[in-house]
Amino acid sequence: MSTVRLSRVTKRYQRGREIVTAVDAVSLELGRESMTALVGPSGSGKTTLLNLIVGGETPDEGTVEGVSARPDWARLAIVPQTLGLLPELTMTENVGLPLRLGATAGGDVAEVMELLGLGSLGERPPEQTSLGEQQRAAVARALITAPALLIADEPTSHQDEANTGRVIDALAALAGAGSCVFLATHDRRVLDRCDPVVHILDGAITDEPRLRR
Ligand code: ADP
Ligand code: MG
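To keep things clear, this report deals only with the structure shown in the data block.

1. Considering the sheet that holds strand β5 (residues 76–79)
Spatially, six strands are ordered β5-β6-β7-β3-β8-β9 in an open sheet, and the strand pairing comes out mixed. With partners counted over all chains shown, the strands left at the sheet margins are β5 and β9 (204–206), one partner each. Strand after strand, the sheet turns through a mean of 25° between neighbouring axes, direction not considered. Taken together, the three bridges between strand β3 (residues 34–39) and strand β8 (residues 197–201) define a ladder with parallel strand orientation. Each residue of the ladder has a partner; that of L38, found in β8, is V198. Seen against the sheet, helix α4 (residues 131–143) touches β5 and β6 (149–153) and runs at an angle of roughly 175° to β5. Strands β3, β6 and β7 (180–184) of the sheet are contacted by helix α5 (residues 161–176), whose axis makes an angle of about 130° with β3.

Take a look at the structure:
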């Protein structure tokens, strides 16, 4: 059984007088115990597609079914491109926030932080850490509930080589334990660890990567 099923999902935005089709009749199934990459140039519709899956946007046409259809925060976690850490909380408190909001723990906060190289930063507020560290805290916050579905928008965009390895290892371990991981990425090191790889261009899924028209 698939975790998420999109059937001919279309999303359009009005921009001035122009209508932009950000996501164009996308059909896609994501299964459990898998890590799927979503690859495409900037502006190709990756973030819009992820937002449609997590219910942050409503499709103009088509349907989204599965775990995310009615967002169930016990089973769904997100690593947004903008990270969304709360500045008034420490790094540890940010990572543990889903548990304080009532989600069931899928791991230990200190252990997950250690795994992502955040072991010594727990007491600091996010603003006293690097952007890369903040991004890894957002990944840790998503992992802490061991969600059935984890959606991540370019989760290694601020990481160096070693930390990219840490992030991708942690996400792969979640997928290996039965979850469904779907991530937008430009990063070759991440792509090499994902199967399948889905290509998007001008809002549409393409079989083969091809150059923009
Ligand atoms: P990506 O994440 O691949 O860079 P996006 O999903 O952010 O692409 O954007 C896809 C297209 O939709 C782009 O042309 C973008 O300008 C447009 N778009 C995205 N969000 C909005 C919005 N809220 N209003 C108008 N246009 C938008
Ligand atoms: Mg994007």
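Having put the structure on the table, let's press on.
2. A word on unusual backbone geometry
At the junction of D195 and P196, the peptide bond is cis and its omega measures out at 5° in the coordinates. Structurally, the position occupied by P196 is in the loop between α6 (188–191) and β8. Positive phi is not limited to glycine here, since E154 has a value of about 50°. By secondary structure assignment, the location of E154 is in the loop between β6 and α5. In the Ramachandran plot, D202 falls in the positive-phi region, its phi being about 50° despite a non-glycine side chain. Mapped onto the secondary structure, D202 falls in the loop between β8 and β9.

3. A word on the side chain of T145
If you trace the backbone, T145 turns up in the loop between α4 and β6. For T145, the residues in contact, after removing those within four places along its chain, are P98, L99, A103, T104 and G106.

Conventions and cut-offs
Residues numbered from 1 in each chain as written. Chains lettered and ligands numbered in written order. Predicted model: local features only at pLDDT ≥ 70, side-chain atom pairs only at ≥ 80, totals over all residues. Heavy atoms only, no water. Pairing = 2+ DSSP bridges. Helix = DSSP H or I, 4+ residues; strand = E, 2+ residues; numbered from the N terminus. Axes fitted to C-alpha atoms, helices over the stretch in contact; angles between N-to-C directions. Contact = heavy atoms within 4.5 Å.

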